[in-house]
Amino acid sequence: KHLTLELRAKIAALHSAGLTQAAIGAHIGRDQSVISRELRRNGTGAGYCCRQAERQATERRQAASAPPRKLDDRLLALIVSKLRQEEWSPQQISQWLKRTQQVSLSHERIYQIIWADKEAGGTLYRQLRRSGKSYNKRANKLAGRGIIPGRIDIDQRPAIVDARTRIGDWEVDTIVGKARRGAILSLVERVSRYTVLHKLDAATADLTSRAIIARLRPLQTRVHTITADNGKEFAGHQKIARRLQAEFYFAKPYHAWERGLNENTNGLVHQYFPKGMNFAGITQAAIARVERKLNSRPRKV
């Protein structure tokens, strides 16, 4: 499918004769876009020369098929360090390399490095958010949880929240430990992805309400709405809304995608506090360290 020197010679002659790109394409049996791209990529300020265009195209093909030179030992050590020490994702590493090291390396290539390491018996894959496992959708085993008094449905939430054009719209959830021994309150702001984590001795409505008020009160000017799931721990939503002068909404049952950012954030937290772990022994200081890690790493947004 590549253009040959003979075709490039015809393009040069027809272009010099003043034919349009569509006419040139029809004459040599190629689409107009092929002619446009050829003139743009291989033309010069002085015009279009078929031999020079052929030389430039050949050089590009050789460079594209040459063995990679950018992934040297120093760069590989940087990637491994960001995975193991900083616990960054391949996408975060890719963007960091581009911005600070002027190295263009796709996140797919970093994943290839991780999988190759795994096949060789390495453990880099364990640094991934979910250890390389695909996300499992939550089953409907929590049916029949009842209706929270005074509940305001997400359908009544202002459209500006979905637009993500302001800071101050939050999503909230609780991450419960094994046998309901302890819990972690998870709050995340929809635009900035700023995350607040707080230890709960139990996921009760009273403790949850007090923790939300205590952690968001210093940020009250940046709290317009809060959206939660239908857990009974949010039964004190009216008190929370009143104390923070904000609006509190509830997603529809089993519509986790309506709070997708919160669900994703919980997945990031599980990297440090895995599912099935007893949270009773976790300290607020340990949770604060995870909060700082999440808020100081680069984000895709």
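A quick note: this is a predicted structure, and the numbers were derived from the prediction, not measured. (Residues numbered from 1 in each chain as written. Predicted model: local features only at pLDDT ≥ 70, side-chain atom pairs only at ≥ 80, totals over all residues. Heavy atoms only, no water.)

Before going further, it helps to examine the overall build of the chain. Helix and strand counts for the chain come out as 12 helices and 5 strands. In summary, the chain has a C-alpha radius of gyration of 28 Å against a globular reference of 19 Å for 301 residues, an excess of more than 25%. Projected onto its principal axes, the C-alpha coordinates of the chain cover approximately 80 × 50 × 35 Å. By the burial criterion, 40% of the 301 residues in the chain qualify as buried. Excluding contacts between residues fewer than 6 apart, the proportion of contacts in the chain whose partners are at least 24 apart in sequence is 62%. Counting 55 positive and 27 negative side-chain charges, the chain places the centres of these two groups 2 Å from one another. (Helix = DSSP H or I, 4+ residues; strand = E, 2+ residues; numbered from the N terminus. Rg over C-alpha atoms; globule rule 2.2 N^0.38 Å. Buried < 20%, exposed > 50% of the residue type's maximum accessible area, 1.4 Å probe, protein only. Contact = heavy atoms within 4.5 Å. Lys, Arg positive; Asp, Glu negative; His and termini not counted. Charge placed at Lys NZ, Arg CZ, Asp CG, Glu CD.)

A positive phi is found at E87, a non-glycine position, where the angle reads about 60 degrees. For E87, the location among the structural elements is in the loop between α5 (73–86) and α6 (90–101). We classify E87 as buried; its relative accessible area is 16%. Positive phi is not limited to glycine here, since R180 has a value of about 60 degrees. Residue position: R180 is located in the loop between β1 (169–176) and β2 (183–189). Its relative accessible area of 58% is what places R180 among the exposed residues.

Here the focus is the side chain of T208. Here T208 is to be found in helix α9 (residues 205–216). The residues contacting T208, other than those within four sequence positions of it, are T174, L185, L200, A203, E233 and F234.

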